[in-house]
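As a plain string of letters, each chain reads:
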Amino acid sequence: MKMRIALHLASLTLAGALLSGNALGEDKKMKVLIIDGQNNHNWKATTPVLVEALESCGQFQVTVSTSPPGGASQEVWEKWRPAFSKADTVLSNYNGQDWPEEVQKSFLAYVNGGGGFVVVHAANNSFGKWKEYNKIIGVGGWGGRKIGRDGPWVHIVEGKAVRDSETKGNGGSHGPRHPFKVEHIDTTHPVTKGLPAKWMHQKDELYCRLCGPAENMEVQGFSYSPQSKRNEPMLMTISYGDGRVFHTPMGHDVEAMRCRGFFTIIQRGTEWAATGAVKRTAKVPDDFPTEEKVSVVPSAKK
Ligand code: ZN
């Protein structure tokens, strides 16, 4: 009799696991490795928000690898070897000095071999001269990038991504922070499918004039920049070798990240980078922003 109860309990537990959509168990959560440690932004404050954005949906297990600080000795750098290959997706919150060659090589091998990569905000400022990194992120800003020389300025005209190599000048700019509307031009991509096609993003920097190789890159969503007077890409996917890359220039600070739209996009973009599909994070949150109204994610209870 005891045995039968135990079996019954076991099957209930299994049913519960199946119902929760996590039939494979805790250890089968998608593994995300966040890289931070150097940034001209407050990475110490924003990395915990990125961790929360991912882990709050119950589908991701996040670890953080913090690089040595600027000016650290070579000996210290030699001890920093992020385990890219153990992650389903790497997410960069890093904008700083060049990684050691060994780390660069292992990162390229990881993405090329089918790893996922998520680029958030100033992560697209880093490594302006690293050719392969620029192919991976599609477009970037600052870091010495020049429109034309380093690739076209990608912007959106009538729902299509346009590559402008004629305009000259520095890649990367932004005006004062403000809330802005994000519009999806691809509503069938797993990252955007089923979401309202227009939504108001919380106060953020609106990056414009991003340029780069823009190879194997598609744009899923844009925002109109009052500064550049163009529609600038806000949601991008890039393929590099067998790897998948999701890139959003949104997410300047904690305030910008605590937007339900940003949380949703980060979850979906990360799942897509990890698996090529969006299934486990597809549910549209009840408090997703509308076209006119921002939606702030309340701070986690302490
Ligand atoms: Zn910023």
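Along each chain, residues carry numbers from 1 onward, in the same order as the chain's sequence is written. Residues qualify for local features only when their pLDDT is at least 70, as the model is predicted, and side-chain atom pairs are given and counted only at 80 or more; totals for whole chains, interfaces and linings, by contrast, use all residues. Each side-chain value is derived from all of the structure's non-hydrogen atoms; neither hydrogens nor water enter the calculation.

A word on the overall build of the chain
Link 1 in the chain: The numbering of helices and of strands both runs from the N terminus, where a helix is a DSSP run of H or I of at least 4 residues and a strand a run of E of at least 2. Secondary structure assignment for the chain yields seven helices and 11 strands.
Link 2 in the chain: Radius of gyration here uses only the C-alpha atoms, and the compact-globule reference equals 2.2 Å multiplied by the residue count raised to the power 0.38. Over its C-alpha trace the chain gives a radius of gyration of 20 Å, about what one expects of a compact globule, namely 19 Å for 302 residues.
Link 3 in the chain: Over its C-alpha atoms, taken along the principal directions, the chain stretches across nearly 80 × 50 × 35 Å.
Link 4 in the chain: Burial here depends on accessible area, computed with a 1.4 Å probe over protein chains only, as a share of the maximum for the residue type. Under 20% is buried, over 50% is exposed, and the range in between is partly exposed. Residues counted as buried form 51% of the 302 residues belonging to the chain.
Link 5 in the chain: Contact criterion: two residues are considered in contact whenever any of their non-hydrogen atoms come within 4.5 Å of each other. At a minimum sequence separation of 6, the contacts of the chain that also span at least 24 residues come to 69%.
Link 6 in the chain: Computed with the Shrake-Rupley method and a 1.4 Å probe, the accessible areas treat only the protein chains shown as cover for residues. Put simply, the chain shows about 14000 Å² of open surface, and 54% of that area lies on carbon and sulfur atoms.
Link 7 in the chain: Here the chain holds 37 positive side-chain charges and 31 negative ones, and the gap between their average locations is 3 Å. Neither His nor the chain ends is counted toward charge; the positive residues are Lys and Arg and the negative residues Asp and Glu. Where a charge lies is defined by one atom per residue type, namely NZ (Lys), CZ (Arg), CG (Asp) and CD (Glu).

Overview of the pairing of strand β8 (residues 198–204)
Link 1 in the chain: Within β8, five of the seven residues are buried, which leaves it mostly tucked inside the rest of the structure.
Link 2 in the chain: Only strands that DSSP links by at least two bridges are regarded as paired with each other. Direction of pairing for strand β7 (residues 178–184) relative to β8: antiparallel, over a ladder of five bridges. Opposite His178, over in β8, you have Asp204 as the bridge partner.

With respect to the packing of aromatic side chains
Link 1 in the chain: Geometry of aromatic contacts follows a simple scheme: Phe, Tyr and Trp rings, the Trp one being its six-membered ring, pair when their centres are within 6.5 Å, and the pair is stacked under 30 degrees between planes, edge-to-face over 60, tilted otherwise. Enumeration over the complete set of coordinates arrives at 19 aromatic pairs.
Link 2 in the chain: Three or more aromatic residues link up through ring pairs in this structure, and these residues are Trp77, Trp80, Phe84, Tyr94, Trp99, Phe107, Tyr110, Phe117, Phe127, Trp130 and Tyr133.
Link 3 in the chain: Lying over the aromatic face of Trp153, Arg230 brings its terminal NZ or CZ to 3.9 Å of the ring centre. Sitting over a ring, as applied to charges here, requires NZ of Lys or CZ of Arg to be within 6 Å of the ring centre and within 35 degrees of the ring normal.

Side note on the pattern of salt bridges
Link 1 in the chain: Every case where a carboxyl oxygen of Asp or Glu lies within 4 Å of a side-chain nitrogen of Lys or Arg is listed as a salt bridge. Applying the stated criterion across every chain, the model contains 10 salt bridges.
Link 2 in the chain: Between Arg81 and Glu102 there is a salt bridge whose closest N-O contact spans 3.1 Å. Residue Arg81 is found in the loop between α3 (74–78) and β3 (89–92), and its partner Glu102 is found in helix α4 (residues 101–112); the two are separated by 21 residues along the sequence.
Link 3 in the chain: Given the relative accessible area of 51%, Glu102 is considered exposed.
Link 4 in the chain: Here Arg149 and Asp150 are joined by a salt bridge, their closest N and O atoms 2.9 Å apart.

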